[in-house]
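# Overview (structure and organization)
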Amino acid sequence: MQIGELARATGCRVVTIRYYERVGILAPPARAANNYRVYGEDHLRRLCFVRRTRELGFSLDEVRTLLGLIDVGGYTCDDMRCVAQGHLDEVRARLRDLQRMESTLAGLVGQCTGGKTPDCSLLETLFAEPYDTGRAPAPTIRSNAAPGGCSRPPPGRRPRRGHPSDPGDGPR
């Protein structure tokens, strides 16, 4: 099969397939008489493996490690489990960090009154010193906050499409 067919079969972009070849994740394919790349079932199977591991958040180094175990042969299920367990531990650590961030942000947003003045408790909290340094507190920042809180983007930023503040003036 040609590279476009491989891309469609795996859901990978052609440029990604070529990148994986360049960095040694995917073996270079044979070439046809017309110099087109010709991919086989091994390429398809390996690329599906790579795509699935990437979807699960494995880094390219982790994918290389797994593929290295496969390529050398003689691997055990425990070898694979060890790599996957290391990745799972990292995912769980990131989740804990994200949960802490979510809790902190929810608290900050919950304390914000969303008033029509530039005084903002959320900004004051973000500018606050993390601990007593013996220095004067951080200066109060006056912003040009939009009336009603979050109805307009900060100055110099365009609203997201579909955002309530999007004027709907056509393509950007």
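A few points on the structure. (Residues numbered from 1 in each chain as written. Predicted model: local features only at pLDDT ≥ 70, side-chain atom pairs only at ≥ 80, totals over all residues. Heavy atoms only, no water.)

With that settled, the discussion passes to the packing of aromatic side chains. The description of an aromatic ring pair uses the distance of the two centres, along with the angle that the planes make with each other. Counted by the stated rule, this structure contains one aromatic pair. With centroids separated by 6.0 Å and ring planes inclined at 50°, the aromatic side chains of Tyr19 and Tyr20 adopt a geometry described as tilted. For Tyr20, a relative accessible area of 7% gives the class buried. (Phe/Tyr/Trp six-rings, centres within 6.5 Å; stacked < 30°, edge-to-face > 60°. Buried < 20%, exposed > 50% of the residue type's maximum accessible area, 1.4 Å probe, protein only.)

Take the environment of Leu126 next. Along the chain, Leu126 falls in helix H6 (residues 121-127). Residue classification places Leu126 among the exposed positions, given a relative accessible area of 53%. As a C-alpha pair, Leu126 and Leu108 span 18 residues in sequence and 8.8 Å in three-dimensional space. (Helix = DSSP H or I, 4+ residues; strand = E, 2+ residues; numbered from the N terminus.)

For the rest of this paragraph, the subject is the packing of helix H3 (residues 41-55) against helix H4 (residues 60-72). Axis separation between H3 and H4 bottoms out at 10 Å; the angle between their running directions is 140°. As H3 packs across H4, the resulting crossing turns out to be right-handed. Here Arg46, Phe49, Val50, Thr53 and Arg54 of H3 come into contact with H4, specifically with Leu60, Val63, Leu66, Leu67, Ile70 and Asp71. A per-class count over the contact of H3 with H4 returns seven nonpolar, one polar and three charged. (Axes fitted to C-alpha atoms, helices over the stretch in contact; angles between N-to-C directions. Left-handed = near helix turned anticlockwise from the far one by under 90°. Contact = heavy atoms within 4.5 Å. Nonpolar A, V, L, I, M, F, W, Y, C, P; charged D, E, K, R; others polar.)

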